[in-house]
Amino acid sequence: MSRARGISGIKTFLCIFFIYCGSVLSQTTAVYPLPGKLRTDSPVYISALESWRNLTGKSAYKHDITANILAAKCIFTLLNNRQGPAGGLKHEGVFPSYTGFPGFWAWDSWKQAYALAGIAPELAKNNIRAMFDYQDSSGMVADCIFIDTIENNYRDTKPPLAAWAVEEIFRQTSDSCFVREMFSKLMKYHHWWYTHRDHDHDGLCEYGSVDGTLQAARWESGWDNAVRFDSALMLQNGPHAWSMDQESADLNAYLFVEKKCLVHLAEVVGESSLAETLDDEAIKLGNMIRTMMWDEHTGFFYDISLETKKPILVAEPNGWIPLWAGIASKEQARRIRNRIMNPQEFNTFVPFPTVAADNQRFNPEKGYWRGPVWLDQAYFALKGLCRYGYKDDALMLMNKLFNHCEGLLDPSRPLRENYHPLTGKGLNAENFSWTAAHLLMMIREIEMQK
């Protein structure tokens, strides 16, 4: 056996050993209370706050008091929603909220893991592991999983942001063993979208479902009742594989980002040829989104009809996800920026409603995804604006969010699931994890970079 092969074998053994140890020890070394029972003097909370200070820089922590008060509230919210291994939950993870959401959801888990990567990395890793514990033989990851596995939902999955989260964990921890543990699973999940959700095999995917129902397909998008899906129909791709009859701008932009993240992760695990293939695929997909999903007349990205390839002219945040992904041209970004800054559309009292405010079906009080502001979509917009040089606009809009969302800056008030764009009223669930996660991203990646 050559010395190089021997070293490679040792590295593989050590990775497997540390993966096993990490999976076992991470369940016992951090002592968390039950969900909803965290105290501010808990060692895990104090440790996470110190990690946050180190992550953002102690000088930033000292001089940006308001941002760090909010950050502390967000960190507490995430850790207070932590659920340990129990029943069908084989790893620890984070509930969307300890009130009313007693399970782990896929895209919630990706977002929470991204935010926790630098402040509670083992919890972040385990939140990823928990979802992939239920990856099926085809590569699909369940929509949501529960202590009682009979409640697990395999009718659909959720938007693909898993590789984005794993890449951030690697960026914060340099843990190549974790990347090796997850890489083949991530690739299998990525390929699943193209084998089960690309009806016409053109390289643009659709949201869909396992059981052929539109309801489950809407759930798969995460946008349970979005206006853009009001006229959608279902088409069968194969056994247990159905698609909506529209190709979604956000889904394909997420897949573009996944490809770019998988390029980096492939390099980490020594798969240079695969990295080149994925990069070529990303370039091709980016070009398709940039040309086929852009409407020149209105200056925005839209879902398109699977049959006609014409835009479904409903202006929603899916139109700025290509900005976050870095797909848009500079001119496209300028025009999207103008739409975002328009008070009649997205620059409302609390900016970034989930459908443009001038849409007839805008209904923020009862609409769920037909008007209320969700902080994940706000984050994607803010990052996209910064990416294309509109940082002053992003800071202004973020300041509106921080000051107009009811109770956001009050440590005694819970973070809400979403917010009324015209009044700032907090809506739906309290103590919501992905609100906390995306606020942390905003603070670290935008507020403290100004």
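See above for the structure.
Notes on the structure in this doc start here. (Residues numbered from 1 in each chain as written. Predicted model: local features only at pLDDT ≥ 70, side-chain atom pairs only at ≥ 80, totals over all residues. Heavy atoms only, no water.)

### Considering the overall build of the protein
Inference 1: Helix and strand counts for the protein stand at 16 helices and 13 strands.
Inference 2: Oriented by its inertia axes, the alpha-carbon framework of the protein measures out at about 60 × 50 × 45 Å.
Inference 3: Contacts in the protein between residues at least 24 apart in sequence constitute 66% of all its contacts with a sequence separation of at least 6.
Inference 4: Carbon together with sulfur atoms contributes 54% to the accessible area of the protein, which is approximately 17600 Å² in total. (Helix = DSSP H or I, 4+ residues; strand = E, 2+ residues; numbered from the N terminus. Contact = heavy atoms within 4.5 Å. Areas by Shrake-Rupley, 256 points an atom, 1.4 Å probe, with all protein chains shown as cover.)

### Considering the sheet that holds strand E6 (residues 234-238)
Inference 1: The antiparallel open sheet is built from three strands, whose spatial order is E5-E7-E6. Both outer strands of the open sheet, strand E5 (208-209) and E6, are each paired with one neighbouring strand and no more.
Inference 2: Here E6 runs beside strand E7 (residues 241-244); their pairing, made up of four bridges, is antiparallel. Paired with Met-234 across the strands is Met-244, a residue of E7. (Pairing = 2+ DSSP bridges.)

### Brief notes about the packing of aromatic side chains
Each aromatic ring pair is characterised by the separation of its centres together with the angle its planes make.
Inference 1: In this structure the tally under the stated criterion is 31 aromatic pairs.
Inference 2: Ring geometry for Trp-223 versus Trp-369: centroids 4.5 Å apart, planes at 35°, classification tilted. In this pair, Trp-223 is assigned in the loop between helix H9 (214-221) and E6 and Trp-369 in the loop between helix H13 (330-341) and helix H14 (375-387), connecting sequence segments 146 residues apart. As far as the burial class goes, Trp-223 and Trp-369 line up, both buried.
Inference 3: Chaining the aromatic ring pairs together yields one cluster made of Phe-101, Trp-105, Trp-107, Phe-146, Trp-223, Tyr-368, Trp-369, Trp-374, Phe-432 and Trp-434.
Inference 4: Taking NZ or CZ as reference, Lys-90 lies 5.1 Å from the ring centre of Tyr-134, over its face.
Inference 5: Sitting above the plane of the Trp-223 ring, Arg-228 keeps its charged end 4.7 Å from the centroid. (Phe/Tyr/Trp six-rings, centres within 6.5 Å; stacked < 30°, edge-to-face > 60°. Buried < 20%, exposed > 50% of the residue type's maximum accessible area, 1.4 Å probe, protein only. Lys NZ or Arg CZ within 6 Å of the ring centre and 35° of its normal.)

### So, H13
Inference 1: Its twelve residues place the ends of H13 16 Å apart at the C-alpha level, agreeing with the 16 Å of an ideal helix rising 1.5 Å per residue.
Inference 2: Of all the positions in H13, only Gln-332, Ala-333, Arg-335, Ile-336, Arg-339, Ile-340 and Met-341 are classed as buried.
Inference 3: Buried-residue contacts for H13 involve helix H11 (272-292), strand E9 (294-295), strand E10 (300-301), helix H12 (321-325), H14 and helix H15 (391-404). (Expected span 1.5 Å × (residues − 1).)

### Examining the packing of helix H6 (residues 121-132) against helix H8 (residues 176-196)
Inference 1: The N-to-C vectors of H6 and H8 enclose an angle of 40°; their axes lie 12 Å apart at closest approach. Taken together, H6 and H8 sit at an angle that is classed as oblique. Between H6 and H8 lies a crossing of left-handed hand. In this structure, H6 uses Lys-125, Ile-128, Arg-129 and Phe-132 to contact H8, whose residues at the interface are Phe-178, Glu-181, Met-182, Lys-185, Leu-186 and Tyr-189.
Inference 2: Residue classes in the contact of H6 with H8 are distributed as six nonpolar, no polar and four charged. (Axes fitted to C-alpha atoms, helices over the stretch in contact; angles between N-to-C directions. Parallel < 35°, antiparallel > 145°, perpendicular 65-115°, else oblique. Left-handed = near helix turned anticlockwise from the far one by under 90°. Nonpolar A, V, L, I, M, F, W, Y, C, P; charged D, E, K, R; others polar.)

### Let's talk about the pattern of salt bridges
Inference 1: A full pass over the atoms with the stated rule returns 31 salt bridges.
Inference 2: Between Asp-41 and Arg-39 there is a salt bridge, with the nearest N and O atoms lying 2.8 Å from each other.
Inference 3: On the basis of relative accessible area, Arg-39 is assigned to the exposed category, the value being 55%.
Inference 4: By sharing partners, the salt bridges in this structure join Glu-168, Arg-171, Lys-383, Arg-444 and Glu-445 into a single network. (Salt bridge = Lys/Arg side-chain N within 4 Å of Asp/Glu carboxyl O.)

### Section: the nonpolar core
Inference 1: Grouped together as the largest cluster of nonpolar side chains are 144 residues, with contacts concentrated most on Leu-79, Trp-110, Ile-128, Trp-320, Trp-324, Leu-401 and Met-442.
Inference 2: Filtering out sequence-adjacent residues up to four positions away, Leu-79 remains in contact with Tyr-32, Leu-38, Val-44, Tyr-45, Ala-48, Leu-116, Ala-120 and Leu-123. (Core = buried A, V, L, I, M, F, W, Y, C linked by side-chain atoms within 4.5 Å.)

### Details of helix H16 (residues 433-445)
Think of an α-helix as turning once every 3.6 residues; residues three or four places apart then point the same way.
Inference 1: Spanning 13 residues, H16 covers 18 Å between terminal C-alpha atoms, matching the ideal 18 Å at 1.5 Å per step.
Inference 2: Counting buried positions over the 13 residues of H16 gives 13, a clear majority of the element.

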